[in-house]
Amino acid sequence: MQINNTERLKFRLMDSQDAQALWQLDQDPQVMKFLTGGQATSMDKINSVFIPRMEKYRDDKLGWGIWQVSDKVTDEYLGWVLIRPMAFFTDSPNFKDLELGWRFFQSTWGKGYATEAAIAIKNAVITLSDVSHVSALAVADNLASVGVMKKMGMSFVRAYLHTDPIGDFDAVHYQMSVQK
């Protein structure tokens, strides 16, 4: 699937060949503050954990995966947006509720790129399947991510302990219904 360019952004579905780009983004302690307490991700962890997880939910036809976001004019790598079924790494993934997540270089913060990219990707991907909802999770203190969720039109659902094979965290869950 192809995501149409926006006014400022272009998109490419990332794959296992993008380990360096994924690693590069994870080297800024501020980017990683709410994910790892500011610890950078090693290249070994990108290759042994991150890439194999991405490959499990990546689906070219449905648009699931991690979409690299770049400046349409300069081709500068700005960050990425993830899209996959909610609870994908459990015994009962929810294919009617797609999870969005994002990570952008600190130099891009406050410019609306995450919101613009997440909306573009959501709008394209939801047309391909029987999706009823789109959700996002964040640490409650991550006010920038919560702000993106609200700008997308999502509403607070719950605060809970999110469990995941690579680490549990206290999460807030925001969600929106999909209008088709």
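Anyway, here's the lowdown on the structure attached to this text.

### A closer look at the environment of arginine 158
Within the secondary structure, arginine 158 sits in strand β6 (residues 155-162). According to the relative accessible area criterion, arginine 158 is partly exposed, its value standing at 38%. Through-space distance from the C-alpha of arginine 158 to that of alanine 171 is 8.3 Å; in sequence the pair is 13 residues apart.

### Quick word on the sheet that holds strand β5 (residues 133-139)
Within the open sheet, the 7 strands sit side by side as β1-β2-β3-β4-β5-β7-β6. Their pairing is mixed. For this open sheet the edge positions go to β1 (9-13) and β6, each flanked by a neighbour on one side alone. Across the sheet, the axes of successive neighbouring strands diverge by a mean angle of 30°, strand direction being ignored. Where β1 lies against strand β2 (residues 65-71), 5 bridges are found, and the strand directions are antiparallel. Bridge pairing in β2 places lysine 10 opposite serine 70. Contacting β1, β2, β3 (77-86), β4 (94-104), β5 and β7 (169-177), helix α4 (residues 113-125) runs over the sheet at an angle of about 155° to β4. In the packing of helix α5 (residues 143-151) onto the sheet, the strands contacted are β4, β5 and β7, and the crossing angle to β5 comes to about 165°.

### Structural notes on the layout of surface pockets
Reported here for the second largest pocket is a volume of approximately 280 Å³. The wall of the second largest pocket is formed by 19 residues, among which Met86, Ala87, Thr90, Tyr160 and His162 lie closest to the centre. Looking at the lining of the second largest pocket, the elements with two or more residues in it are β3, β4, β6 and β7. Take the lining of the second largest pocket: its biggest share by element is 4 residues, from β6.

### Here we look at unusual backbone geometry
Among all residues except glycine, the phi angle is most often negative; among peptide bonds, the trans geometry is most common. A positive phi is found at aspartate 75, a non-glycine position, where the angle reads about 70°. Among the structural elements, aspartate 75 can be located in the loop between β2 and β3. Not every positive phi belongs to a glycine, and alanine 87 is a case in point at roughly 55°. Take alanine 87: it is sitting in the loop between β3 and β4. Among the residues examined, alanine 87 registers a relative accessible area of 32% and is labelled partly exposed.

About the cut-offs
Residues numbered from 1 in each chain as written. Predicted model: local features only at pLDDT ≥ 70, side-chain atom pairs only at ≥ 80, totals over all residues. Heavy atoms only, no water. Helix = DSSP H or I, 4+ residues; strand = E, 2+ residues; numbered from the N terminus. Buried < 20%, exposed > 50% of the residue type's maximum accessible area, 1.4 Å probe, protein only. Pairing = 2+ DSSP bridges. Axes fitted to C-alpha atoms, helices over the stretch in contact; angles between N-to-C directions. Contact = heavy atoms within 4.5 Å. 1 Å grid on protein atoms, 1.4 Å probe; cavity = no way out; pocket = protein on both sides within 12 Å on 5 of 7 lines; lining within 4 Å. Points joined across faces, edges and corners; volume = space filled by probe spheres on them.

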